[in-house]
Structures are given as C-alpha cells and as structure tokens.
Amino acid sequence: MRAAGAWGRVGKGAPVGLLEGKAAVITGGAQGLGLAIAQLFVAQGARVVLADINVDKATEAAKELGPAIAVRTDVTKEDDVAQLVEACQREYGRIDVMVNNAGITRDASMKKMSADDFRLVVDIHLYGAWLGTKAAGLVMKEQGGGSIINMSSISGKVGNFGQTNYSAAKAGIVGLTKAAAKELARGGVRVNAIQPGLIRTAMTEAMPQHAWESKLAEIPMGRAGEPSEVAGAALFLASELSSYITGTVLEIAGGRHI
Ligand SMILES: NC(=O)c1ccc[n+]([C@@H]2O[C@H](COP(=O)([O-])OP(=O)(O)OC[C@H]3O[C@@H](n4cnc5c(N)ncnc54)[C@H](O)[C@@H]3O)[C@@H](O)[C@H]2O)c1
C-alpha cells in the first residue's frame, strides 16, 4: 500500500480522499480530459455526474466508474444545464464541484471558416461554460460553497492559426472565470480556469502528424501531456488544497508559451 500522503490513505486503513463526500458534475465527461478528471475525482472519494451529448458513451463510462451517473446534456441548451444541476442534487443531495469541460474544434483559416462554425464553437465552449457557471454557481452559493473549474486552453492565451473561433472562446472563458469569481466569492464559491497545452486525447490525435510535430517542438519539457496530468490540476482546484485560490488560470502545458 502507498504511504500516507496527498493522494494516499491515512488512519487505520480507512480511505480518505481529497473529495470525500463531494458531488461533482463534469461536462464532456464521456471521454478524454473529462473522463480522466472523473476517474481521479472518484478515486479521491467523489460521486460524479458525467454530462455529455454522447449519452451512450457517458453511460458506459459511468458504469465502469462506480459512484457515477450519466446525464444527456447539450451544454448549449439552458434547460439541459438546469436539469443537469438538478440531477446532481437529486442523486447526491448537493453539488460541490462543476467542471465545464465539454468542447469541440472546427479548425479552419478565417478565409475558409463559416459563420456557423464560428458560432458553434463559441456556443459550446463559452456560452456552455457560462450556463454551467451560472446554474451551478447559484446552487453552490445557497449551499454555502463550491468550486467551479472552466476548461480554457493555451490557444486562448496565445491564439492559434486556424482557431479564430476556438481561441476567441477559450480567451472568453478566462474573462468569464474572473468576473464570475468576483461575483461568487462572498458566497464561498471559487471559480478558476485551466489552460492545457498539447494533451494526448481523441481531439488532438485527430491532428495531422506535421501539426503535432511542430507543436511538440515548442514544448520545453519535450513531450505532450497526459489526461491524468490535467486531472491532477483539476483535483487541486476542486479540493480544499486550493481554498484561497479564485479567479486564476492554471497552465498545464509543459512550459509551452510561458
Ligand atoms: N486535448 C487537448 O490537448 C486540449 C488542450 C486544451 C484544451 N482542451 C479542452 O479540454 C476539453 C476536453 O477536450 P478533450 O481533448 O477531452 O476532447 P474530446 O473530444 O475527447 O471530449 C470532448 C467531449 O465533449 C462532448 N461534447 C461535445 N459537444 C458537447 C455539447 N454540446 N454538450 C455536451 N457535451 C459535448 C463530446 O461528446 C466529448 O465527450 C475541451 O474543452 C477542449 O477544448 C483540450
């Protein structure tokens, strides 16, 4: 057995997790970074709701996870997001952590990008995160506290070629996070953002090899990140380890674009 420590077990063999007794919602939780976050949260004692437009995949994942349910959610639909927060309260009696993580890419140079693809990406990432922050934030405030984590991207910090839609949405998420942090702080609700760099998931594995190689060359640590490394940062922001941290942006990028 591992020695007692931040991730370990303490006491007489009783499992003590950093999220013991907490209930967490993770949008886009069916796969990739959302699922990795859910897995680490469960390992640390949380009960989770996997919210995804792909409910079949989320249901499969929830079955394997244990204390987890899946809820079909389109994060761009206000009613869906309201019902999602209600489902978490109904199932677990509370909502302590909300991770607004669902996302897509529709990359193209501006010349080729359609207005629909601009709107769709901004809608899912930015409007979706706003809906999730609003719905969860209000309930958490009533409850006396909580932690909201919004998934931004290094693309929102530096702007990526072919991602005018995605970079705009991810930069917008930073503004949303800081403004919401100020509005919700007195209610004990913390709001922070994560900016992953190049992380190995289905989203990035769809990238052409030359694009992957050129991104890799920009990373001081010389490698892509793993989903579990993003999950570690989410766990920190979700837990009491970050109790005095709000309105911040945490870069998980191996030193890229610092
Ligand atoms: N992978 C990376 O390198 C990387 C880097 C920076 C930021 N991110 C961000 O992390 C988040 C997760 O990325 P990922 O790599 O795990 O992607 P992914 O494609 O593996 O997973 C995204 C999930 O979101 C779901 N989803 C899409 N549209 C939805 C909607 N309207 N409502 C609900 N769910 C929806 C999908 O079904 C999928 O399960 C995204 O916000 C992404 O922009 C990823």
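Given the structure is predicted, the values throughout are model-derived calculations rather than measurements.

Criteria and thresholds
- Residues numbered from 1 in each chain as written.
- Predicted model: local features only at pLDDT ≥ 70, side-chain atom pairs only at ≥ 80, totals over all residues.
- Heavy atoms only, no water.
- Near = heavy atom within 4 Å.
- Polar contact = N/O pair within 3.5 Å; in protein donor to acceptor, adjacent residues only side chain to side chain.
- Areas by Shrake-Rupley, 256 points an atom, 1.4 Å probe, with all protein chains shown as cover.
- Helix = DSSP H or I, 4+ residues; strand = E, 2+ residues; numbered from the N terminus.
- Nonpolar A, V, L, I, M, F, W, Y, C, P; charged D, E, K, R; others polar.
- Pairing = 2+ DSSP bridges.
- Axes fitted to C-alpha atoms, helices over the stretch in contact; angles between N-to-C directions.
- Contact = heavy atoms within 4.5 Å.

Caption draft 1: Fine view of the site of the ligand. Near the ligand, the surroundings consist of 29 residues, among which Gln 31, Leu 33, Asp 52, Tyr 166 and Thr 201 are the closest. One of the backbone nitrogen or oxygen atoms of Leu 33 is found 2.8 Å away from an oxygen atom of the ligand. In the environment of the ligand, an oxygen atom lies 3.0 Å from a nitrogen or oxygen atom belonging to the side chain of Lys 170. For the ligand, the protein covers 93% of the area, taking 830 Å² as the surface of the free molecule. Elements that contribute at least two residues to the shell around the ligand include exactly α1 (32-43), α4 (115-143), α6 (164-184) and α7 (202-205). Along the lines of polarity and charge, the residues of the shell around the ligand split into 13 nonpolar, 13 polar and three charged.

Caption draft 2: Quick look at the sheet that holds strand β7 (residues 249-252). The parallel open sheet is built from seven strands, whose spatial order is β3-β2-β1-β4-β5-β6-β7. Because the sheet does not close on itself, it has two edges, and the strands there are β3 (68-72) and β7. Shown here is a sheet whose adjacent strand axes are inclined to one another by a mean of 20°, direction ignored. In the sheet, strand β4 (residues 97-100) pairs with strand β5 (residues 146-151) via four bridges, with the strands oriented parallel. Note on β5: the bridge partner recorded for Val 97 is Ser 147. Across the sheet, helix α9 (residues 227-238) lies against β4, β5, β6 (189-196) and β7, angled at about 165° from β6, the strand it touches most.

Spatial relationships are all this shows, so hold off on functional conclusions.
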